[in-house]
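Observations on chain architecture
Spelled out from the first residue to the last, the chains are:
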Amino acid sequence: LRLASLAQLVEQLTLNQWVAGSSPAGSTMRTSLGIIFLLCVASCAPTRFVEPVPEGHVNLTASLGGPFFDFVGTTIPMPLTSVAAGYGYSDKLTLFGGLHITSLMFDDLQLDLGALQELTEQDRLIPAISVSPVANLFLAMRDGSFRIWPEADINFYWHYGSFGNLIYVTSSNWFDLTSARADNEPQTRHWISNIGVGHRFEGENWQYTTEIKYLEAGIANTPNAVGYHGIDGNGAFGIYLGLTRKF
């Protein structure tokens, strides 16, 4: 019963706010749903790639996680799932794409397409730096609604140990170029910042990643119909697990 309730809640939180007319009347509820919708869309996956995939190689990854929220008397991360693939176009440049499985399960197509470029290499304690432009696409297949959110990320990362494990800090920046939000209220924020720290264990053929994010930094998460957990009523914390197969 709890699993069924959780699946229904995820559908309502991530998808139903998108449909025109599905939001209850009242500015408070519309504001709440707008916050929920943007948080869910922007938090469906961890950072896709932090450092480039070696030239000619392919990495396939699956992830699970999302923002913490209140559910049945406890606090859990939202169980959002996604998969992604990256191709090493060169040792400095990776092309990638991601598919959000949870959205697809409810007849909504959410994709992210991007590239990762390494700018500098690590020099002892000075981190390597990479940047990543991304296009986030959302298609509600039930009514044909379509949106695109541009994204620009910057990553700082350090290798350590004999196996080349990785520690990183990332800043993911979403841009909403529309004049109205998904709840039909005026769009007052066109820049949404998400900050994350992560760790990656490196194996011969596999990578294991854990990432913690502070989502929508500095943006009030109230009215909060879901029970997101941030800092002094702002943003939301999330956690993600990733498993990557190297080819």
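Reading the values: the criteria
Residues numbered from 1 in each chain as written. Predicted model: local features only at pLDDT ≥ 70, side-chain atom pairs only at ≥ 80, totals over all residues. Heavy atoms only, no water. Helix = DSSP H or I, 4+ residues; strand = E, 2+ residues; numbered from the N terminus. Buried < 20%, exposed > 50% of the residue type's maximum accessible area, 1.4 Å probe, protein only. Contact = heavy atoms within 4.5 Å. Pairing = 2+ DSSP bridges. Polar contact = N/O pair within 3.5 Å; in protein donor to acceptor, adjacent residues only side chain to side chain. Core = buried A, V, L, I, M, F, W, Y, C linked by side-chain atoms within 4.5 Å. pLDDT = per-residue confidence, 0-100. Patch = residues over 30% accessible without salt bridge, like charges linked within 9 Å, V, L, I, M, F, W, Y side chains within 5 Å. Areas by Shrake-Rupley, 256 points an atom, 1.4 Å probe, with all protein chains shown as cover. Salt bridge = Lys/Arg side-chain N within 4 Å of Asp/Glu carboxyl O.

Turning our attention to the overall build of the chain. What the chain contains, in helices and strands, is 3 helices and 11 strands. Listing every helix and strand of the chain by position from the N terminus yields α-α-β-β-β-β-α-β-β-β-β-β-β-β. Looking at the chain residue by residue over its 247 residues, the buried ones come to 45%. Expressed as a percentage of contacts within the chain between residues at least 6 apart in sequence, the contacts between residues at least 24 apart total 55%.

Note that strand β9 (residues 191-202) and strand β10 (residues 206-220) share 8 bridges and pair antiparallel. Bridge assignment links Ile-195 to a residue of β10, and that residue is Tyr-214. As paired elements, β10 and strand β11 (residues 234-246) share 11 bridges and run antiparallel to each other. Residue pairing across strands places Thr-209 opposite Gly-242, the latter belonging to β11.

Pairing analysis gives 7 bridges linking strand β3 (residues 80-88) to strand β4 (residues 93-100), with the strands arranged antiparallel. Bridge pairing links Ala-85 to Gly-97 in β4. Between the end of β3 and the start of β4, which pair antiparallel, lie 4 residues. Pairing of β4 with strand β5 (residues 108-120) involves 7 bridges; the strand directions are antiparallel. Its bridge partner being in β5, Leu-95 is matched across the sheet by Ala-115.

A few words on the side chain of Asn-165. Mapped onto the fold, Asn-165 is located in strand β8 (residues 165-175). In this structure the side chain of Asn-165 is engaged in a polar contact, spanning 2.8 Å, whose partner is the backbone nitrogen of Glu-202. When sequence neighbours within four positions are dropped, the list of residues in contact with Asn-165 reads Trp-158, His-159, Tyr-160, His-199, Arg-200, Phe-201 and Glu-202.

What follows covers the nonpolar core. Counting residues in hydrophobic clusters, the biggest one holds 7 residues: Cys-44, Phe-69, Phe-71, Met-78, Leu-80, Tyr-228 and Ala-236. Core analysis: the second largest hydrophobic core is formed by 6 residues, Phe-138, Ala-140, Ile-192 and Ile-219 among them.

The predicted model of the chain averages 82 in pLDDT, with 79% of residues at 70 or higher. Across the chain, the secondary-structure element scoring lowest on mean pLDDT is helix α1 (residues 2-14), at 48, and the one scoring highest is β4, at 96. In the predicted structure, residues 1-8 sits below a pLDDT of 50 and forms 8 contacts with residues beyond four places in sequence or in another chain. Between residues 14-33, whose pLDDT stays under 50, and residues either more than four places distant or in other chains, the model counts 46 contacts.

With that out of the way, let us pick up unusual backbone geometry. The backbone of Arg-124 sits at a positive phi, close to 60 degrees, despite the residue not being glycine. Overall, the relative accessible area of 75% leaves Arg-124 in the exposed class. In the Ramachandran plot, Asp-232 falls in the positive-phi region, its phi being about 50 degrees despite a non-glycine side chain. Tracing the chain through its elements places Asp-232 in the loop between β10 and β11. The exposure class of Asp-232 is exposed, given its relative accessible area of 77%.

On the surface, a nonpolar cluster with roughly 580 Å² of combined accessible area is contributed by Tyr-160, Ile-167, Phe-201, Trp-206, Tyr-208 and Leu-243. With respect to the element layout, Tyr-208 can be found in strand β10. Judged by its relative accessible area of 43%, Tyr-208 falls in the partly exposed class.

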